[in-house]
Amino acid sequence: MAQKTVTRADLAEAVYEAVGLSRTESAELVERVLDLIGDALVKGENVKLSSFGSFQVRSKNERIGRNPKTGEEVPILPRQVLVFKPSNVLKSKINKSMVRAGK
C-alpha cells in the first residue's frame, strides 16, 4: 500500500492555487508558518490549530530500558518529546474517509 507524503512543496502549491500568491510567496508563507510553529514549540509553548489539533512538548524522565537482543538493561536519558493530539473535527474527518473507502 503506497502512501503519499505531503511535502512543503505540496503545501506551497496548494496555497498558490487557493490564494493566488506567486509560487515564491506561497513557499515563503508556508516556511514562515512552519518556522513560527517550530519556534513556539522550542520555547515550550503549546500550539493549537483549530479544527486540526494541538502540538505539545513533553518532558520524559529517565528510565531503564532493555536491549531486546541481549536483554541488557540500558538507561534511557531524560528527554523532550513532541506530542500531537488531533482535534475531534480531524478525527471525525479521518473516520468518515475510512468508512467511504471501506476500511
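Residues numbered from 1 in each chain as written. Predicted model: local features only at pLDDT ≥ 70, side-chain atom pairs only at ≥ 80, totals over all residues. Heavy atoms only, no water.

Asks: Provide a residue-level description of the nonpolar core, including the pertinent values.
Replies: Core analysis: the largest hydrophobic core is formed by five residues, namely Ile 37, Ala 40, Leu 41, Val 47 and Phe 55. Setting aside chain neighbours within four positions, we find Ala 40 in contact with Glu 45 and Val 47. (Core = buried A, V, L, I, M, F, W, Y, C linked by side-chain atoms within 4.5 Å. Buried < 20%, exposed > 50% of the residue type's maximum accessible area, 1.4 Å probe, protein only. Contact = heavy atoms within 4.5 Å.)

Asks: Explain the side chain of Ser 26 residue by residue, including any values.
Replies: Mapped onto the elements of the fold, Ser 26 is located in helix α2 (residues 23–42). According to the relative accessible area criterion, Ser 26 is buried, its value standing at 0%. In contact with Ser 26, other than residues within four places in its own chain, are Ala 12, Val 15, Tyr 16 and Leu 21. (Helix = DSSP H or I, 4+ residues; strand = E, 2+ residues; numbered from the N terminus.)

Asks: I'd love a proper account of α2, names of residues and values included.
Replies: A rise of 1.5 Å per residue sets the reference length of α2, with its 20 residues, at 28 Å; its end C-alpha atoms lie 28 Å apart and thus fit the reference within 8%. Along α2, the positions that sit buried rather than exposed are Ser 26, Val 30, Ile 37, Ala 40 and Leu 41. Seen end-on, α2 carries its buried residues on one side only, within an arc spanning 110 degrees. Facing away from the buried side of α2 by more than 90 degrees, the exposed set consists of Thr 24, Glu 28 and Val 42. Buried-residue contacts for α2 involve α1 (8–19), β1 (47–49), β2 (53–60) and β5 (79–86). After α2 finishes, the residue Gly 44 shows a positive phi value of roughly 90 degrees. (Expected span 1.5 Å × (residues − 1). Arc of directions from axis to C-beta.)

Asks: Describe the sheet that holds β2, and please don't skip the residues or the numbers.
Replies: Taken in spatial order, the three strands line up as β1-β2-β5 in an open sheet, and their pairing is antiparallel. In the strand order of this sheet, the two ends are held by β1 and β5, each with one partner. On average, each strand axis in the sheet is tilted by 25 degrees relative to the strand beside it, whichever way the strands run. Strand direction decides the pairing type here: β1 and β2, joined by three bridges, are antiparallel. For Lys 48, the partnering residue across the bridge sits in β2 and is Ser 54. (Pairing = 2+ DSSP bridges. Axes fitted to C-alpha atoms, helices over the stretch in contact; angles between N-to-C directions.)

Asks: Tell me about a nonpolar patch on the surface, and name the residues and values.
Replies: A grouping of Val 6, Leu 11 and Leu 34 is seen on the molecular surface, where their side chains present a nonpolar patch of about 240 Å² in accessible area. Residue position: Leu 34 is located in helix α2. Residue classification places Leu 34 among the partly exposed positions, given a relative accessible area of 30%. (Patch = residues over 30% accessible without salt bridge, like charges linked within 9 Å, V, L, I, M, F, W, Y side chains within 5 Å. Areas by Shrake-Rupley, 256 points an atom, 1.4 Å probe, with all protein chains shown as cover. Salt bridge = Lys/Arg side-chain N within 4 Å of Asp/Glu carboxyl O.)

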